[in-house]
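# Residue-level structural notes
Listed below, chain by chain, are the residues.
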Amino acid sequence: QVQLVESGGGLVQAGGSLRLSCAASGRTFSRYQMGWFRQAPGKERELVATRSSGGYTYYADSVKGRFTISRDNAKNTVYLQMNSLKPEDTAVYYCAAKSGGWDPSTKLYDYWGQGTQVTVSS
C-alpha cells in the first residue's frame, strides 16, 4: 500500500513558476513509476509527466520544455517543477504511482493522491 500526499499548489501569474511535491509512504517507493496528472474543469484527466525509477521520463507535448519531473528516492518524494506557466495549465494536479514495467502512455496507475489546485492568472 502506498499513500501519496501532494503539496505546493497555489495561485501564480502567467509566466511564473511553482514546484509541486508528492510525498509517498512505504518502503518500496523506488520500485514505482511516478506520474503527475492534471484535470481541468470539464476535461478528462491527462498525463502531464512520468518518470521511472531508473530515470526514464515522458512529458505531454503541452508541457515539454517548461515542466520537469524529478524524484528523490531517499526522501520518497517526486517533484514537478513548472516554469513559464500559462492560464491553460490551471487544473487540479494529481500524483500517482504505478507498479510494473515502464509504460509512459498508460493512465492505469495503482495509487493516487488527493490532488492540489494550481491556478494561473492571466
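### Looking at the packing of aromatic side chains
Taken as a whole and assessed by the stated rule, the structure comprises five aromatic pairs. Ring geometry for Y109 and W112: centres 6.0 Å apart, planes at 55 degrees, overall tilted. Given the relative accessible area of 31%, W112 is considered partly exposed. These aromatic residues form a ring-pair network of at least three members: F37, Y109 and W112. A cation over an aromatic ring shows up here: R45 above the ring of Y94, its NZ or CZ 3.9 Å from the ring centre.

### Overview of the sheet that holds strand β7 (residues 67-72)
Within the open sheet, the four strands sit side by side as β1-β3-β8-β7. Their pairing is antiparallel. Since the sheet does not close on itself, it has two edges, and those belong to β1 (4-7) and β7, each with one partner. Strand-to-strand, the axes of this sheet are offset by a mean angle of 15 degrees, without reference to chain direction. Pairing of strand β3 (residues 18-24) with strand β8 (residues 77-82), which is carried by six bridges, proceeds in the antiparallel orientation. Within β8, the residue paired with C22 across the bridge is V78.

### Notes on the pairing of strand β4 (residues 33-39)
Of all seven residues making up β4, six are buried, and the element is well covered by its neighbours. Pairing between β4 and strand β9 (residues 91-98): seven bridges, direction antiparallel. If you follow R38 over to β9, its bridge partner there is Y93. Counting the residues that bridge the hairpin from β4 to strand β5 (residues 46-51) gives six residues, and of these G42 lies at a positive phi of roughly 80 degrees.

### What to know about the environment of L47
With respect to the element layout, L47 can be found in strand β5. Note: C-alpha distance between L47 and F37 (ten residues apart in sequence) is 4.4 Å. Setting aside residues no more than four positions away along its own chain, L47 makes contact with W36, F37, Y58, A60, P104 and Y109.

### Thoughts on the environment of E44
Here E44 is to be found in the loop between β4 and β5. Distance in space between the C-alpha atoms of E44 and Y59 is 17 Å, their sequence separation being 15 residues. Contacts of E44, omitting those with residues within four sequence positions, involve R38, Q39 and K107.

### A look at the pairing of β3
In terms of burial, β3 is largely enclosed, as five of its seven residues are buried. Across four bridges, β1 lies against β3 in antiparallel orientation. Looking across to β3, one finds that L4 is bridged to A24.

Calculation notes
Residues numbered from 1 in each chain as written. Predicted model: local features only at pLDDT ≥ 70, side-chain atom pairs only at ≥ 80, totals over all residues. Heavy atoms only, no water. Phe/Tyr/Trp six-rings, centres within 6.5 Å; stacked < 30°, edge-to-face > 60°. Buried < 20%, exposed > 50% of the residue type's maximum accessible area, 1.4 Å probe, protein only. Lys NZ or Arg CZ within 6 Å of the ring centre and 35° of its normal. Pairing = 2+ DSSP bridges. Helix = DSSP H or I, 4+ residues; strand = E, 2+ residues; numbered from the N terminus. Axes fitted to C-alpha atoms, helices over the stretch in contact; angles between N-to-C directions. Contact = heavy atoms within 4.5 Å.

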